[in-house]
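One-letter residues, chain by chain:
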Amino acid sequence: MSKKRKRMSGYKKSLIIFTIILFICGEFILIYVNNSLKAYEKSDIDNYLNSLLTDIQKSSQNGNIKKYFSLAKVSSPYEKKSSLEKGYKDLLKDAKLTYKKTDEKNIYDLYADDLLIGTVTLDGSKEEKRLGLLTFNVWEIAEMQSYNDEGLYSFDFYLNSDYKLYINNNLVKNDDLVGTEKIEGFEDAYDYVDLPKLNHYKVKGLTAKPEIVIKDKSDKTIDAQVKGSEYFASDFYHTDSLDDAYKKLANKDFDPLLFAENWSKFLTADLDGNRWGLYTLTPNLIEGTTMYKRAYSWATQIDIQFTSIHDLDKVPFTNEKVSNITVYNDKAFSVEIYLEKNMTLSDGQKKTDTLHDIFYYVFYQDAYRLISMKSVTEGGK
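Every value quoted in this text rests on a predicted model; they were computed, and no experiment measured them.

### Examining the overall build of the protein chain
Step number 1: When its secondary structure is counted, the protein chain shows seven helices and 17 strands.
Step number 2: Expressed as a percentage of its 381 residues, the buried residues of the protein chain come to 40%.
Step number 3: Restricting the contact set of the protein chain to residue pairs at least 6 apart, pairs at least 24 apart contribute 61%.
Step number 4: Surface exposure of the protein chain reaches about 23100 Å², of which carbon and sulfur atoms provide 48%.

### Here's the deal with the packing of aromatic side chains
The relation between two aromatic rings is expressed through the spacing of the ring centres and the mutual angle of the planes.
Step number 1: Applying the stated rule across the entire model yields 20 aromatic pairs.
Step number 2: Ring geometry for F69 and Y88: centres 5.3 Å apart, planes at 25 degrees, overall stacked. Residue F69 is found in the loop between α2 (45–61) and α3 (84–94), and its partner Y88 is found in helix α3; the two are separated by 19 residues along the sequence. Y88 carries the same exposure label as F69, and that label is buried.
Step number 3: Ring geometry for F259 versus Y361: centroids 6.0 Å apart, planes at 85 degrees, classification edge-to-face. With F259 in helix α5 (residues 256–267) and Y361 in strand β16 (residues 350–364), the pair connects residues that are 102 residues apart, well separated along the chain. Here F259 and Y361 have matching classes, each one buried.
Step number 4: What links up through ring pairs into an aromatic cluster is the set F254, F259, W263, F266, F333, F359, Y361, F363 and Y368.

### As for the sheet that holds strand β11 (residues 225–227)
Backbone hydrogen bonds hold the strands of a sheet together, and the pairing may be parallel or antiparallel.
Step number 1: Here we have five strands laid out as an open sheet, ordered β8-β9-β5-β12-β11, and mixed in their pairing. Looking at which strands have only one partner, the edges of the open sheet turn out to be β8 (177–181) and β11. Ignoring strand direction, the axes of neighbouring strands in this sheet form an average angle of 20 degrees.
Step number 2: Note that β8 and strand β9 (residues 198–206) share four bridges and pair antiparallel. Among the inter-strand pairings, T180 is bridged to a residue of β9, identified as N199.

### Topic: the side chain of D216
Step number 1: On the secondary structure map, D216 appears in the loop between β10 (212–215) and β11.
Step number 2: Buried and unpaired, D216 has no salt bridge, with K220 as the nearest side chain of opposite charge at 5.7 Å.
Step number 3: In terms of polar contacts, D216 uses its side chain to reach the backbone amide nitrogen of K220, at 2.8 Å.
Step number 4: Those residues in contact with D216 that sit more than four places away from it in its chain are D162, Y163 and I222.

### Notes on the pairing of strand β12 (residues 230–233)
Step number 1: A one-sided burial pattern is seen for β12, the buried positions being Y231 and A233 and the unburied ones E230 and F232.
Step number 2: Bridge count between strand β5 (residues 153–159) and β12: four bridges; the pairing is parallel. The residue of β12 that forms the bridge with L159 is A233.
Step number 3: Relative to β12, β11 runs antiparallel, the two being bridged by three bridges. Pairing of V226 across the sheet is with Y231, part of β12.
Step number 4: Linking β11 back to β12 in an antiparallel pair, the connection comprises two residues, with G228 at a positive phi of about 65 degrees.

### Observations regarding the nonpolar core
Step number 1: Counting residues in each nonpolar core, the largest one holds 41 residues, and the members touching the most others are I56, L92 and F157.
Step number 2: At six residues, the largest contribution of residues to this core is made by α2.
Step number 3: Not counting chain neighbours up to four residues away, the residues in contact with F157 comprise L165, I167, N199, H200, Y201, V203, I212 and Y231.
Step number 4: Residues A260, L278, V322 and L355 belong to the second largest nonpolar core, which totals 33 residues.

Thresholds, definitions, all that
Residues numbered from 1 in each chain as written. Predicted model: local features only at pLDDT ≥ 70, side-chain atom pairs only at ≥ 80, totals over all residues. Heavy atoms only, no water. Helix = DSSP H or I, 4+ residues; strand = E, 2+ residues; numbered from the N terminus. Buried < 20%, exposed > 50% of the residue type's maximum accessible area, 1.4 Å probe, protein only. Contact = heavy atoms within 4.5 Å. Areas by Shrake-Rupley, 256 points an atom, 1.4 Å probe, with all protein chains shown as cover. Phe/Tyr/Trp six-rings, centres within 6.5 Å; stacked < 30°, edge-to-face > 60°. Pairing = 2+ DSSP bridges. Axes fitted to C-alpha atoms, helices over the stretch in contact; angles between N-to-C directions. Lys, Arg positive; Asp, Glu negative; His and termini not counted. Salt bridge = Lys/Arg side-chain N within 4 Å of Asp/Glu carboxyl O. Polar contact = N/O pair within 3.5 Å; in protein donor to acceptor, adjacent residues only side chain to side chain. Core = buried A, V, L, I, M, F, W, Y, C linked by side-chain atoms within 4.5 Å.

Right, here's the structure in full:
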């Protein structure tokens, strides 16, 4: 009886050992399969890049950003202590990291919010085979280009010539003055009238987002218009009222809305007069400018003859709006105009043309004349 028990104990021991071996082998196989599936999933380039961005973010918070980006030696007179390592840590802490494919194969730009922080070149030449079924590329970083030779942040400022700019409580001096810039929209006008220009400062080499303060000649803080990394601040007068604007202009008889209506009619061959009504417009144009050439070209080339056959409705213009007026001096202003032109086509179909532009005018030879136009896009200027 005791011998039988011993034999059974040996059998059970062997069974237990065998079961443990099977369990270990099963675990090994499961781990292998799991790792193989993860490797296969990572072979998708989008998955790899998202994983890379996550690791870049973690590395920045752990003080190991050098794992990915080389750190240039930078310093700025506007920072007490410039530190790219700290700059990356602050930047990447809450930033949304994204990537964008370039025109080159397997090369991607990396962004923190809207800031380009690097360009990665990937090597996918290595292949792996797993489970007898899966064959996939193994992605590796071939090259990582960083953009911090001039710090992480740079800004352009366009300011009145008598305004003062402070970065982190430090007055920005002429060392960072790039030059004077013509007002956008009036580039063609400076040959005809006197217009103010804006001082253009470029401040770079910053490793942290700075405190920016702009003051006028009375030491009053000025609110700037910000577009990305560009700041605009001036004493130009802004209003939505033509009556208010007229108080600062040289001539109060000019009606920019009437000109916009005539311009709209001109574009669809609805303006009366020779050359499709061109000479109704020319008293408010300057010969030789881009706008004059544009109007003359439309009036004298064949394309205008192929506008759709139509009649203007009894009330041709509706939903008209004049707004966003900027007076630069008594000789120059810009105005945003919106209007809808209503037409009936020859087949009876109704059609509405929309004009939504900013018109730029200068006072030249006793009349306000259009110097340029810019279409207003959805959501802003």
